[in-house]
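Reading the structure
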Amino acid sequence: MVKRGIVFIMAIIFIFIAFSVASAAHGKKQETKKGILLVAFGSSEESAQVSFDNIDKKTKAAFPDIPVYWAYTSHIIRNKLAKQGKVLDAPEVALAKMMAEGFTHVAVQSLHTILGEEYHDLRKMVGAFNQMGGFEKIILGYPLMATQDDMVKVVDAILKNIPKERKPNEAVVLMGHGTHHPSNAFYAALMFQIQLKDPNIFVGTVEGYPEVDDIKELMVKQGVKKAYLMPFMSVAGDHAKNDMAGDEDDSWKSVLTKAGIECRPILKGTAEFDDFVNIWIDHLKAVMAHF
Ligand code: CO
């Protein structure tokens, strides 16, 4: 009886030691491997690629030794691209692959414009990976406009990059995407802050508030006769080409032209301008500072 008791205790001690050795080895694990995952909504338009290329180039310049991966949050865009033979991962797939490749520290950088639905879905996903414990650290970086400090930088970036030939009595109309998400309020907040510096700059949205009719009324009231139309989206894709600059009756160009405002569309996404890209890169740097 006593003998069996000793054997039993020794077996437990053995299992305990084996477990400790195994977890110590696991604890030591592979050395630190840092990676960056850039996450955009995505676009299937050829004209959008210049924006993504610019962000990719600037990210690699800021972090030359760290592998950079891409993912698109829009499954519609991913499916469209897949039909053209271009495979882009969803963020969860990209993260699973990075986990399998042994990355220990992952910076997920949102390339969205506001803290909207896409950003919050991404936040939940990063939280899930965090819970899973596959990475030592996984942190999500803010989109373009998250803090008041960002708003100030965005206002400066807009003022620096509006067309040089534009006269003060001519308007600049920025077309944001807009959303049903509560963060839609960022667009009106941006218009307020930019108008403190230049009352002829307007911010509207395609799918939220303010709508084009809201800003049209303001422009008519201010006697605007000419306006430069620019997308306030990272890429000049479908919305910029069609909803903003298209010839359809309900495009912004048509709506404003009918109101007596001569329109000059500029098909350039915010990510084509370094002043905007630097804001995303600053957010990524803030994340990397934790690694
Ligand atoms: Co859209």
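Refer to the structure printed above.
Summarised in this report is the structure supplied together with it. Worth saying up front: this structure is predicted, and the values here are computed from it rather than measured. (Residues numbered from 1 in each chain as written. Predicted model: local features only at pLDDT ≥ 70, side-chain atom pairs only at ≥ 80, totals over all residues. Heavy atoms only, no water.)

Looking only at helices and strands, the protein features eleven helices and eight strands. Considering the protein as a whole, with its 291 residues, one finds that 47% of them fall into the buried category. Taken as a whole, the protein presents about 15,100 Å² of accessible surface, with 58% of it coming from carbon and sulfur. (Helix = DSSP H or I, 4+ residues; strand = E, 2+ residues; numbered from the N terminus. Buried < 20%, exposed > 50% of the residue type's maximum accessible area, 1.4 Å probe, protein only. Areas by Shrake-Rupley, 256 points an atom, 1.4 Å probe, with all protein chains shown as cover.)

Taken together, the protein donors to the cobalt ion comprise His 177 (NE2) and His 239 (NE2), at separations of 2.0 Å. You can see His 177 sitting in the loop between strand E5 (171–176) and helix H7 (185–195) and its partner His 239 sitting in helix H9 (residues 238–244), a full 62 residues away along the chain. Given a relative accessible area of 27%, His 177 falls into the partly exposed group. (Donors = N, O, S within 2.8 Å, 3.2 Å for Na, K, Ca; no water.)

Bringing empty space enclosed by the protein into the picture now. In this structure the tally under the stated criterion is one cavity of 30 Å³ or more. Considering only enclosed or pocket space, the largest cavity measures out at about 70 Å³ in volume. Put simply, the parts of the chain that give the lining of the largest cavity at least two residues each are helix H6 (148–161) and strand E7 (226–231). Top element by residues in the lining of the largest cavity is H6. It accounts for three residues. Of the residues assigned to the lining of the largest cavity, the class counts are eight nonpolar, three polar and one charged. (1 Å grid on protein atoms, 1.4 Å probe; cavity = no way out; pocket = protein on both sides within 12 Å on 5 of 7 lines; lining within 4 Å. Points joined across faces, edges and corners; volume = space filled by probe spheres on them. Nonpolar A, V, L, I, M, F, W, Y, C, P; charged D, E, K, R; others polar.)

Side chains of residues three or four places apart in an α-helix project in the same direction, reflecting 3.6 residues per turn. Those residues of helix H3 (residues 75–83) that fall on the buried side of the exposure criterion are Ile 77, Arg 78 and Leu 81. For H3, the arc enclosing every buried residue in end-on projection is 100°, short of the 170-degree limit, so these residues lie on one face. Turned more than 90 degrees away from the buried face of H3 sit Ile 76 and Lys 83, all of them exposed. Taken together, the buried residues of H3 touch strand E2 (68–72). For H3, the N-terminal capping position is held by Ser 74, with its side-chain oxygen 3.4 Å away from the main-chain nitrogen of Ile 76. Directly beyond the C-terminal end of H3, a positive phi value near 85° is found at Gly 85. (Arc of directions from axis to C-beta. Contact = heavy atoms within 4.5 Å. Polar contact = N/O pair within 3.5 Å; in protein donor to acceptor, adjacent residues only side chain to side chain.)

Time to look at the sheet that holds E7. Paired through their backbone hydrogen bonds, the strands of a sheet run either parallel or antiparallel. Strand order in the open sheet formed by four strands is E6-E5-E7-E8, and the pairing between neighbours is parallel. Edge strands, defined here as strands with exactly one partner in the open sheet, are strand E6 (201–205) and strand E8 (262–265). Going from strand to strand, the sheet's axes swing by 25° on average, the running direction of each strand aside. Direction of pairing for E5 relative to E6: parallel, over a ladder of five bridges. When the sheet's bridge partners are listed, Leu 174 is paired in E6 with Val 203. On the sheet, H7 packs against E5 and E6 and is oriented at approximately 175° with respect to E6. (Pairing = 2+ DSSP bridges. Axes fitted to C-alpha atoms, helices over the stretch in contact; angles between N-to-C directions.)

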